[in-house]
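Notes for the structure review
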Amino acid sequence: MTVATVPLRILIGKVGLDGHDRGVKLIARALRDAGMEVIYTGLHQSPEQIVNTAIQEDVDAIGLSILSGAHNTLFRRVLELLSEQGAEDIVVFGGGIIPNEDVPALKEAGVKALFGPGTPLDDIVRFVKELRTSR
Amino acid sequence: MTRLDIHLDKRDRQVDLASMLAERVRQGEVRAVARLITLLERWEQEGRDTLRLLEGQGESSRAAIIGVTGYPGAGKSTIIDQLVTAYRRLGQRVGVLAVDMTSPFTGGALLGDRIRMQQHALDPGVFIRSLATRGHHGGLASVTGEAVSVLEAAGYDVILVETVGVGQGELEIATVAPTVVAVVAPGLGDEVQAMKAGLLEVAQIIVVNRGDHPEADRTLRELREWHRTVLKITATTGQGIPELIAAIAEQQRLRDLEAAPTRAAP
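Here the structure is a predicted model, which means the values were calculated and not measured.

**Notes on the side chain of Gln56(A)**
- Position of Gln56(A) among the secondary structure elements: in helix H2 (residues 47-57).
- With sequence-adjacent residues up to four places away left out, Gln56(A) is seen in contact with Val30(B), Ala34(B), Arg114(B), Val126(B), Phe127(B), Ile128(B) and Arg129(B).

Written as structure tokens, this is what we have:
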């Protein structure tokens, strides 16, 4: 197998007290169908669980769906834990109900991309595929 | 520098990288263990060099390697989740390798076995890694055997290997794990299925999961006509797990006895 065909490994999950998993499952399936290995952790994960899982699974990126309104806290905590573990090279992106005014600060903090409601699946797939060249 | 010098220099650097990585794995550093499995999965030279260093260490590992196989949806991941809890209670460090299918159409995979095991994500004594088959047949990923060696080198005492959901033809687990547990659920096929070649031949222990199902006892009785060790458990509640742990230990003890050199008769 040549390096070019090595599938990207992406962790997809939900953090915090938020049981709405329809969107996150759609994303997981779209990435799988685009040829990626998707590690799906399911609901109600803590930032600590997400980061430990990402490290054990040696993923290229973490995609989090947050619909609870706690995005500012949760994304920052995930980034903080990654940097504590020396794993800043793992890309963090996300989606959900995230008000536009929160987006710049989250990106500043290190969230690579945020996808709001109505984003075409292809945009997300393209973003993740491009990680291979940028990482 | 001649071209050969440059080549040798590069080779030296690779050897250095490998020995550094090997040392970190031996210390049980999670990031290094995970990284090495990735390198092996990608067939990278650094991965193979590192593994050779680790395997060359000589001292044979005492890790118990247990395969868990069975039909899709029979409850393999839930049983592994319970086994991890039980072995942790016994003070053992546990590694889990959970294999899922790569789609032959897209090359992608949804690795979802660990959903059932996420309660262990914060336990430093547990390492869980999902592997995709990446076109390999036989019920495992081709890197599985090497990943087991990595976990052994990292000092895990128990290594649980979950196959993809299998039917009759995916029996490679027998070459990786000396103890194989096959999980079946009540009401899936009759006795004739058990008589056919395959799963039940490679397994030392058969587990009838969903022991609370009305058909469970009948399935248990039927399978007992075909296999020596058949247990009934209910993975969701943990009922029967201590008996499974005991059966695994007994099987390993018997194997160790068989492997020990026999003394000449007096």
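On we go from here.
**Examining the nonpolar core**
Residues and elements named next belong to chain B.
- In terms of nonpolar packing, the biggest core is built from 46 residues, with Val25, Val33, Leu131, Val150, Ile159, Val161 and Ile206 touching the most fellow members.
- With seven residues, the single largest contributor to this core is helix H2 (residues 30-41).
- Mapped onto the domain boundaries, this core takes at least three residues apiece from domain 1 (1-59) and domain 2 (61-259).
- Leave out the neighbours within four places in its chain, and Leu131 touches Ile37, Glu41, Leu97, Ala98, Val99, Asp100, Leu111, Ala141, Val143, Thr144 and Ala147.

**Points about the interface of chain A and chain B**
- Between chain A and chain B, the contact holds 31 residues from the first and 27 residues from the second.
- Taking both partners together, chain A and chain B bury about 2500 Å²; carbon and sulfur atoms supply 48% of that area.
- Inspection of the region where chain A meets chain B yields six salt bridges.
- Notably, a salt bridge pairs Arg129(B) with Glu57(A), separated by 3.9 Å at the nearest N-O pair.
- Put simply, chain A and chain B have 22 residue pairs in polar contact (both at pLDDT 80 or more) between them.
- Looking at side-chain class alone, the side of chain A that touches chain B contains 11 nonpolar, 11 polar and nine charged residues.
- Bridging between strand S2 (residues 37-45) of chain A and strand S3 (residues 109-111) of chain B involves three bridges; their strand directions are parallel. Bridge pairing in S3(B) places Val38(A) opposite Leu110(B).

**A short note on the packing of H2(B) against helix H3 (residues 45-55) of chain B**
Residue and element names in this part refer to chain B.
- Running from N to C, H2 and H3 cross one another at 120°; their axes reach a closest spacing of 7 Å. In terms of axis orientation, H2 runs oblique to H3. Crossing of H2 against H3: the hand is left-handed. Residue-level contacts link Leu36, Leu39 and Leu40 of H2 to Glu46, Gly47, Arg48, Thr50, Leu51 and Leu54 of H3.
- Of the residues assigned to the contact of H2 with H3, the class counts are five nonpolar, two polar and two charged.

Each value, and the rule that gives it
Residues numbered from 1 in each chain as written. Chains lettered and ligands numbered in written order. Predicted model: local features only at pLDDT ≥ 70, side-chain atom pairs only at ≥ 80, totals over all residues. Heavy atoms only, no water. Helix = DSSP H or I, 4+ residues; strand = E, 2+ residues; numbered from the N terminus. Contact = heavy atoms within 4.5 Å. Core = buried A, V, L, I, M, F, W, Y, C linked by side-chain atoms within 4.5 Å. Buried < 20%, exposed > 50% of the residue type's maximum accessible area, 1.4 Å probe, protein only. Domains from an automatic or database assignment. Buried area = accessible area lost by both parts, 1.4 Å probe. Salt bridge = Lys/Arg side-chain N within 4 Å of Asp/Glu carboxyl O. Polar contact = N/O pair within 3.5 Å; in protein donor to acceptor, adjacent residues only side chain to side chain. Nonpolar A, V, L, I, M, F, W, Y, C, P; charged D, E, K, R; others polar. Pairing = 2+ DSSP bridges. Axes fitted to C-alpha atoms, helices over the stretch in contact; angles between N-to-C directions. Parallel < 35°, antiparallel > 145°, perpendicular 65-115°, else oblique. Left-handed = near helix turned anticlockwise from the far one by under 90°.

The analysis is restricted to geometry; functional conclusions fall outside its scope.
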